[in-house]
Amino acid sequence: MTWLEFTTTFFGKMFLYALIAMFTENTIFSRALGASTSLWIIRKKYRIFAFGMIMTIITTLSAVAVYYLLPYVQKLDSSSYILPLVYIGVIAVVYIVMLFVTHRLPLKNKDMMLMFIHRCAFNCAVLGALLLSTEYKLELPGFIGFGIGTGFGFTLATYLTYIAYGRLNSKAVPKAFRGFPITLFYIGILSLAIYGMIGHELPV
Amino acid sequence: MENVLRTYYQKHREQIDRFDGLLVNNTVLERGLVIAPVIVAANTAQNGLILGLSFILITFFGVLLASFVPKKLPYAIRVILYVVLACLLYIPVSYLMNLMFPDSVYKVGIFLPLLVTNSLIVTKTETRFLKMKRLNMMLDVFCHTVGFFLVIVTVGMLREIFGNGSFFGNELNMPGKIYAFMLPFGGFIVLGFLAAAVQRFRIYLHGGETDQKKGGNR
């Protein structure tokens, strides 16, 4: 295989898995992973794209580390029991590095970024992306692509919810349904729409 | 007559609020936390039971052990330790679930290991539980975990009955099934109705106003 072929195959696979993670396996619409964090960002009116970027970086870096660690862990007896511990160890290292780097960088909104890192690192969307990549037995480009796609998919889903959140909280909605309950309906309907859009059909 | 419950609540509010994690301040229905396993994996009563029991064991003992972590440590290290403790608890809990439900544990997939990063351990331990005295904290964590258990089993039962026409795997001979209830869509809708019912009950208890400061996702 030439260098050019290798590069196109690698990035092609990575792009494909990123698309899968963004749309067909969207972290919020397909698995509700990180849904409570998504609602927290919207409610507090924080910057969705900054949070999504941090999540993408943490997920992607953790995914690369997990890919190289996985063969050693899988050699152990009962590896499925210690897998979460190993993944949390990897995420913890990435978390500390991210905090350290952010402290050193001359950023405008450093406090906000640090808070985002705290909130994002041990989010179930991050751990979920690593567990799913392992379950699907992906190769390196798959791990990286799935990590990137998870972060982008989270951002997209949060933005789609944010667009409607004002209306979902308006006085036009009955008090009992206002806010959280109707937001769940809204995300549910979007999840069913995406389920249909990617080619699934409900049995008659 | 219709205000008897409200009057009783307002009279004994302090005592009743100790148990608010069960319903009025429920982890899932009011705060909107830990909703992923409820929405995706709890599409049968048994799945709900597996996840609910695991959640109680991991979270209750996880927060209890976390209360012994020295507060002098930096926040980032404390949080890492909380999650590591939960991961260590996950090992015997998942082993126990494999013994209790040998044919069913695989059905909950990644949602069992994902319980180690649930919001009660990662965020509420610091912002709520560790601010209490240990006995009060244990009662509060217990109510929150049992509240989660009740919700996830209820959602699992409703989705299994309407989506699959069965109850704990036994056929009910229902006239029709709504397959969409087995999908995440069904989880969002069932949870939405339950959250609305609790919100309505809270409005009633508080005399027409919701408690905005306590509110999770309003």
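Residues numbered from 1 in each chain as written. Chains lettered and ligands numbered in written order. Predicted model: local features only at pLDDT ≥ 70, side-chain atom pairs only at ≥ 80, totals over all residues.

Looking only at helices and strands, one finds eight helices and zero strands in chain A. Across chain A, helices and strands are ordered from the amino to the carboxyl terminus as α-α-α-α-α-α-α-α. Here the C-alpha atoms of chain A give a radius of gyration of 18 Å, agreeing with the 17 Å that 2.2 N^0.38 yields for 204 residues. With the C-alpha coordinates aligned to their principal axes, the bounding extent of chain A is approximately 60 × 55 × 40 Å. The 204 residues of chain A split such that 45% are buried. The contacts in chain A between residues at least 6 apart in sequence include a share of 77% that link residues at least 24 apart. (Helix = DSSP H or I, 4+ residues; strand = E, 2+ residues; numbered from the N terminus. Rg over C-alpha atoms; globule rule 2.2 N^0.38 Å. Buried ≥ 20, exposed ≤ 12 C-beta atoms within 10 Å, placed from the backbone. Contact = placed C-beta atoms within 7 Å.)

This next bit is on the interface of chain B and chain A. Contact with chain B, which involves 41 residues of that partner, is made by 43 residues of chain A. Within the residue set of the side of chain B that touches chain A, elements represented by two or more residues are helix 3 (36-41), helix 5 (75-100), helix 6 (119-127) and helix 8 (184-205) of chain B. Partitioning the side of chain B that touches chain A into residue classes produces 31 nonpolar, eight polar and two charged. (Nonpolar A, V, L, I, M, F, W, Y, C, P; charged D, E, K, R; others polar.)

Here the phi dihedral of V34 of chain B falls at roughly 50 degrees; this positive angle occurs in a residue that is not glycine. Summarising the element assignment, V34 of chain B is placed in the loop between helix 2 (13-16) and helix 3.

Residue and element names in this part refer to chain B. In the contact formed by helix 7 (residues 134-164) and helix 8, the axes pass within 10 Å of each other and the chain directions differ by 125 degrees. With respect to helix 8, the axis of helix 7 lies oblique. Between helix 7 and helix 8 lies a crossing whose hand is right-handed. Here helix 7 contributes V151, V155, L158, R159 and G163 to the contact with helix 8, which in turn contributes G186, G187, V190, L191 and L194. Of the residues contributing to the contact of helix 7 with helix 8, the split by class is six nonpolar, three polar and one charged. (Axes fitted to C-alpha atoms, helices over the stretch in contact; angles between N-to-C directions. Parallel < 35°, antiparallel > 145°, perpendicular 65-115°, else oblique. Left-handed = near helix turned anticlockwise from the far one by under 90°.)

On to helix 4 (residues 79-104) of chain A, then. Spacing of three or four residues puts side chains on the same side of an α-helix, whose turn is 3.6 residues. If you check helix 4 of chain A, its first and last C-alpha atoms are 37 Å apart, about what 26 residues at 1.5 Å a residue would give, namely 38 Å. Taken together, the buried positions of helix 4 of chain A are occupied by L83, P84, Y87, I88, I91, A92, V94, Y95 and M98 of chain A. (Expected span 1.5 Å × (residues − 1).)

Time to look at the nonpolar core. Formed by 114 residues in total, the largest nonpolar core has its most connected members in I91 of chain A together with I35, A36, V83, A86 and L191 of chain B. The leading source of residues in this core is helix 5 of chain B, at 11 residues. Residues in contact with A86 of chain B, not counting those within four places in the same chain, are I58, G62, V116 and I121 of chain B. (Core = buried A, V, L, I, M, F, W, Y, C linked by C-beta atoms within 7 Å.)

Okay, helix 6 (residues 124-135) of chain A next. The first and last C-alpha atoms of helix 6 of chain A sit 16 Å apart over 12 residues, in line with the 16 Å expected at 1.5 Å per residue. Counting buried residues in helix 6 of chain A gives 10 out of 12 residues, a clear majority hidden from the surface. Of the positions making up helix 6 of chain A, those classed as buried are C124, A125, V126, L127, G128, A129, L130, L131, S133 and T134 of chain A. Buried residues in helix 6 of chain A make contact with helix 3 (48-74), helix 4, helix 5 (110-121) and helix 7 (140-168) of chain A together with helix 3 of chain B. In the stretch just after helix 6 of chain A, K137 of chain A is the one whose phi turns positive, near 50 degrees.

Bringing the environment of Y81 of chain A into the picture now. Relative to the assigned elements, Y81 of chain A resides in helix 4. The partly exposed category is assigned to Y81 of chain A, around which 18 C-beta atoms lie within 10 Å. Setting aside residues no more than four positions away along its own chain, Y81 of chain A makes contact with I91, S94 and Y95 of chain B.

Moving on, we come to the confidence of the model for chain B. Residues and elements named next belong to chain B. Here chain B shows a mean pLDDT of 91. Residues at 70 or above account for 94%. Considering only residues more than four positions removed or in separate chains, one finds that residues 211-218, a stretch of pLDDT under 50, has 18 contacts. Here the complex is predicted with pTM 0.92, and the ipTM for its interfaces comes to 0.92. (pLDDT = per-residue confidence, 0-100.)

Here we come to the packing of helix 8 (residues 180-197) of chain A against helix 8 of chain B. Packing of helix 8 of chain A against helix 8 of chain B brings their axes to within 8 Å, and their N-to-C directions diverge by 170 degrees. One way to sum up the angle between helix 8 of chain A and helix 8 of chain B is to call them roughly antiparallel. Contacts between helix 8 of chain A and helix 8 of chain B involve F180, P181, I182, L184, F185, I187, G188, S191, L192 and Y195 of chain A on the former and, on the latter, P184, F185, F188, I189, L191, G192, A195, A196 and Q199 of chain B. Split by residue class, the contact of helix 8 of chain A with helix 8 of chain B holds 15 nonpolar, four polar and no charged.

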